[in-house]
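Here are the chains, one letter per residue:
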Amino acid sequence: MGDKTDVWQGTLALMVLKTLETMGPIHGYGIARRIEQTSGHLLALNYGTLYPALLKLEQEGYIASEWGLSENNRKAKFYKLTRAGRKQLEREARDWEQATAILARFLAPAKES
Amino acid sequence: MRKLRALWIRLHGIFDGAGAEEDFSAELESHLQMHIEDNLRSGMTPEQARRNALIQLGGLEQTKQSYREQQGLPWFEALWQDIRFGLRMLAKSPGFTVIAVVTLALGIGANTALFSVVNGVLLNPLPYPHPEELVTVHAGKPNFSEGSISYPNFRDWQRDNKTLAALAVSRGTGYNLTGLGDAEEIRAELVSSDFFPLLGVKPVMGRLFAPHEDEIGREPLVIISEGFWQRKLGARPDVLGKVLTLDGRNYTIIGVLPANFNLLVSNFRAADLYVPIGQFQNPALTARAAGLGIHGIARLKPGVTLEQAQADMQQVSERLEKAYPEADKGIRAKLIPFQLAMVRDVKPLLLILMGAVGFVLLIACVNIANLLLVRANARAQEFAVRSALGAGRMRLLRQLLTESLMLSFAGGALGLALAAWGTQVLLHLLPQQLPRSSEIHMSGAVLAFTLLISLAAGTLFGLMPGLKVFRQNLQDTLKEGSRGSSSSRQGAQNWLIVFQMATTLVLLVGAGLMIRSLAKLSDVDTGFQPKGVLTFGLQAPSSMIGSSPEATLAYLREADARIAAVPGVEAVSFSWAALPMQSDDEQLFWLEGEPRPQSQNDMHWAIRYIVGPGYLKAMGIPLLKGRFFTPSDDEHAPRTVVIDDVFARKLFGNADPIGKRVFLEQFENDPATVIGVVGHVNQWGLDNDAVNPLRAEIYQTIMQLPEQQLGLVLMGMDVVMRSRYDADTAFQSVRNALVQMNHEQVVYNPATMESTISGTLAGRRFAMILLAAFAGTALLLASIGMYGVISYLVVQHTRDIGVRMALGADRRDVFRWVLARGGRLTAFGAIIGIAAALGLADVMASFSSLLYGVHTYDPATMLVVIAVLTTVAFAACYFPARRATRVDPMRVLRME
């Protein structure tokens, strides 16, 4: 599998939320494939870990699910963002940007020297 | 909020697992199908496609498990599982469960009940503002460390001290209340003005005494209790300013005191009436040397320590001694903090009992630990299997702890119910003089205490078998199969049994010594025949008060004759001054031929009884020499006294006392002649008389009282009578006879002499009953423990026993072998217990005077206790031993 990074704790939820925002209602398999593609196949994602994460988000009320039909007419469970989820996404994205910006500042001088 | 919502859904998830599980399986299935289709499209073989999809997923079961964990609450589920499993295990062995819960309930219940007593009496703060500033004040005298304060000294102390915010005094008394229905004797307290303000007590109506209203010669005022107000005055709102007729004088009501007011220090008891001390109609009130039973309370100024106040009062007393060298010789103010004054007599008793009941709980815990150990051994197989299947040791320990905590909380709940009942029983048993007993009840503190000991007990006995399971070697246990365990595992149990036996023995010794003490006490010679003796108080009609001595004596003769004429009455006598085991009074005197002493401290002292001619017969005191008073020893006859044999030995040695003359302090120019010697009477109570320094007794006849004191006799005297009839009938007929004579006179405080005597032992009896109950409980628990361990021993050794019997061992050998095991444990326990009991009994004897007439190492008690313990232990071993003899060797061998 090469040089793949494990998914960091806590970032999976953000990726899921963002994926749902971009893609609209989509099933678990679709989310997994999408995350893999978006990361440029750099992330080692055990698809199985996605489902507890989805369940947690649903329990917290950020996403909702319902059974539907896939593009291949297969029965699948579709997830979509709720209003609370949208807000949570904004909040988390902002926090994340802030965190990376701060870290970037720490790392930048080290590169110069 | 989100967190809460998630928690709620997850809680739901615990119980709603099945539907969600199916749902998720379907979702995973569709996921895999889509993945496989994609893989097929990218050119994999169907087999590869499926394999790849599963690998990418990270395993079907693993995914399901992590999904399940997110779905519910794993720790909660584990706990729930533990509890359900525990319940199943406990339900599977109901015998064990019932014994364990009842055992714990006994231990916890007894502890909680006693703790509520200790909490109410010793721990709860006093219900007054800044109780730490409150002290009781007494006059320390050479012969009484806490003597009464004379009125003039009280006033001087009040004026001269620099460290007290307030100083007040009180004295109990009784009044004949007339004009409100039948004449009635009402208990009252004479108090100084500062008394209530000092305590922070506020009237519910009206006002308290103002400063100076408590001085001699002021207007008679009275404050009434709320209870009296409701009972006698119908709670009328207009009682203020109304007048009460007490002993024929009119007192104006100025206030009503709250019903919950009570105080139990020195001699003070809450009363129905409170009257200013200046209204005390005793001519000796103004005498500086008088001892009238007046005691004080005081509040220290803020920031003043007890030592500073004591030093200050010491100086004040010394200055007064210089000013009044005769009256105040050796008199020193003595301060004692309230809390100490209230509980010092019962504190050691309660602490000893608390220690004893703590032991009972410990024994209960040991029992449970033992039972659990046995179970843990029996379940070693189960734990080994669970361990092999991947259960962590912490997980197993948690299971054990959960089970024991469940047991202890069940025991605690049942114990609390027992304690609620036990507290009521305790309150009935409590010696009446136990202070603050009204404050004993179940409270938050008591509940917290129960919770805490349940928790501690559960953890304690849950951990022990748990740790044992830890040490066990899994492989060995698995290999050993169902054959049970090796004998080395019994070591811990054996030690627990030895510990139990030892502790039980200590408790039994304590109870045994108490029982022996009480038995000795009931054998103590009272010096009189209490059976059939009745005592009561009699107050003359208020109209008589202030009568001439002649009229008073005539009244006494008539009343005496009326009582004597009542059917069933064999003898009757008035009694003033001391009355055995009820009240005391002293006579100061010197002998003829001795120089007149300079002060009271140089005089001889004796207990003074002022009685009538019928006293000897009424009490049943033996006459040893000479004669007793006759009706002709009256006011006109020469002054005579009768003494007891202690007096005779002490002051006359071997000389014949009859005809000797003594100078009584109050008649210093009129010596009295000794006309008789009677047997010594137990004045100070069964347990105290022999050790009291003052034991000489002197009798005078009431007819020869000086005029001043005759006036006081009318306000209340004791009557002693001997009746053939039972107490109730006798009292009723005496009451009728006296009402016929004059309906204004009051009969009060009826009591049988026997109940008075047993009352002096109430404290000891309380201690004995509790100690015996605790020891009995301990014995029961220990025998259950012994039974359990020996039974287990037999089960574990069934194979050995079978083999031995197959090899020719007799059934009797087997029986003896089992008994010997139990006997060894008992012997060990007894030896350790005796050693501990000797140490502890010393503690018991030194902490309080609980023991009477027995040594802490009383061999008889020790022997009996060892016999009891051995018998019970034998009985506990007997049944398992019998079972051992019924082992069928053939069956055992076939099972191999």
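Remember, predicted model here, so these are calculated numbers, not experimental data. (Residues numbered from 1 in each chain as written. Chains lettered and ligands numbered in written order. Predicted model: local features only at pLDDT ≥ 70, side-chain atom pairs only at ≥ 80, totals over all residues.)

A tally of helices and strands in chain A yields four helices and five strands. Counting all 113 residues of chain A, 27% fall into the buried class. Intrachain contacts of chain A at a sequence separation of at least 6 include 52% that bridge at least 24 residues. (Helix = DSSP H or I, 4+ residues; strand = E, 2+ residues; numbered from the N terminus. Buried ≥ 20, exposed ≤ 12 C-beta atoms within 10 Å, placed from the backbone. Contact = placed C-beta atoms within 7 Å.)

Scanning chain B from N- to C-terminus turns up 28 helices and 21 strands. Evaluated residue by residue, chain B yields a buried proportion of 42% over its 896 residues. Within chain B, contacts between residues at least 6 apart in sequence are counted, and of these 83% link residues at least 24 apart.

A separate point is the sheet that holds strand β4 (residues 63-69) of chain A. The pairing of strands in a sheet happens through backbone hydrogen bonds and is either parallel or antiparallel. Residues and elements named next belong to chain A. Across the sheet, three strands lie side by side as β2-β5-β4; this open sheet has antiparallel pairing. Sheet topology places β2 (26-27) and β4 at the edges, where each strand pairs with a single neighbour. Alignment of β2 against strand β5 (residues 75-81), held across two bridges, turns out to be antiparallel. Bridge pairing in β5 places Ile-26 opposite Tyr-79. (Pairing = 2+ DSSP bridges.)

Time to look at the interface of chain A and chain B. On the chain B side, the residues contacting the 19 residues of chain A number 22 residues. A per-element tally of the side of chain A that touches chain B places helix α3 (residues 47-60) of chain A first, with nine residues.

Moving on, we come to the packing of helix α2 (residues 28-38) of chain A against α3 of chain A. Residues and elements named next belong to chain A. Where α2 contacts α3, the axes come no closer than 10 Å and their chain directions differ by 120°. In terms of axis orientation, α2 runs oblique to α3. For the element pair α2 and α3, the recorded crossing hand is right-handed. Touching Gly-28, Ile-31 and Ala-32 of α2 are Tyr-47, Leu-50, Tyr-51 and Leu-54, all from α3. (Axes fitted to C-alpha atoms, helices over the stretch in contact; angles between N-to-C directions. Parallel < 35°, antiparallel > 145°, perpendicular 65-115°, else oblique. Left-handed = near helix turned anticlockwise from the far one by under 90°.)

Note that His-743 of chain B resides in the loop between α22 (727-741) and β21 (746-752). Along the backbone, His-743 of chain B and Ala-183 of chain B are 560 residues apart, and their C-alpha atoms lie at a distance of 7.3 Å.

Residue and element names in this part refer to chain B. For helix α18 (residues 549-564), with 16 residues, the first-to-last C-alpha span of 22 Å sits near the 22 Å given by 1.5 Å per residue. Among the residues of α18, Thr-552, Tyr-555, Leu-556, Ala-559 and Ile-563 are the ones counted as buried. Looking straight down α18, one finds that the buried residues subtend no more than 100° of arc, so they occupy a single side. Along α18, exposed side chains directed more than 90 degrees from the buried face belong to Glu-550, Ala-554, Glu-558 and Ala-561. The secondary structure elements touched by the buried residues of α18 are β12 (569-577), α21 (707-713), β20 (717-723) and α22. (Expected span 1.5 Å × (residues − 1). Arc of directions from axis to C-beta.)

Residue and element names in this part refer to chain A. Across seven bridges, the pairing between β4 and β5 is antiparallel. The partner of Leu-69 across the bridge, within β5, is Lys-75. Taking the residues that link successive antiparallel strands as the turn, the β4-β5 hairpin has five residues, and the phi of Asn-73 there is positive, at about 60°.

Residues and elements named next belong to chain B. Packing of helix α12 (residues 347-378) against helix α24 (residues 762-796) brings their axes to within 10 Å, and their N-to-C directions diverge by 10°. Relative to α24, the element α12 lies roughly parallel. Here the residues of the contact of α12 with α24 are counted per class, giving 21 nonpolar, six polar and no charged. (Nonpolar A, V, L, I, M, F, W, Y, C, P; charged D, E, K, R; others polar.)

Turning our eyes to something else, we now look at unusual backbone geometry. All names here are of chain B. The phi dihedral of His-212 is positive, around 75°, even though this residue is not glycine. Turning to its location among the elements, His-212 is positioned in the loop between β4 (205-206) and β5 (221-225). Classification of His-212 as exposed rests on a count of 10 C-beta atoms within 10 Å. One non-glycine residue, Asn-749, adopts positive backbone phi at about 50°. Looking at where Asn-749 falls in the secondary structure, it is placed in strand β21.

A separate point is the environment of Val-794 of chain B. Residue and element names in this part refer to chain B. Residue position: Val-794 is located in helix α24. Val-794 sits 91 residues away from Thr-885 along the chain, and the two C-alpha atoms are 9.7 Å apart. Other than its neighbours up to four places away in sequence, Val-794 contacts Val-818, Pro-880, Arg-883 and Ala-884.

Turning our eyes to something else, we now look at the environment of Gly-86 of chain B. All names here are of chain B. Relative to the helices and strands, Gly-86 is located in helix α5 (residues 74-92). Considering only alpha carbons, one finds Gly-86 and Glu-403, 317 residues apart in sequence, at a separation of 5.3 Å. If we ignore the near neighbours within four places in the chain, the residues touching Gly-86 are Thr-402, Glu-403 and Met-406.

Attention shifts here to the confidence of the model for chain B. Residues and elements named next belong to chain B. In the predicted model, chain B carries a mean pLDDT of 84, and the fraction of residues at 70 or more is 93%. Confidence drops under a pLDDT of 50 for residues 482-488, and excluding neighbours within four residues, the segment shows five contacts in the predicted structure. Across the whole predicted complex the pTM is 0.67, and at the interface the ipTM reaches 0.86. (pLDDT = per-residue confidence, 0-100.)

The subject of this paragraph is the pairing of strand β17 (residues 661-664) of chain B. All names here are of chain B. Relative to β17, strand β13 (residues 586-591) runs antiparallel, the two sharing three bridges. Within the sheet, the bridge partner assigned to Phe-589 lies in β17 and is Leu-664. Two elements, β17 and strand β18 (residues 672-678), share two bridges in a ladder whose sense is antiparallel. Bridging across to β18, Val-662 finds its partner in Ala-672.

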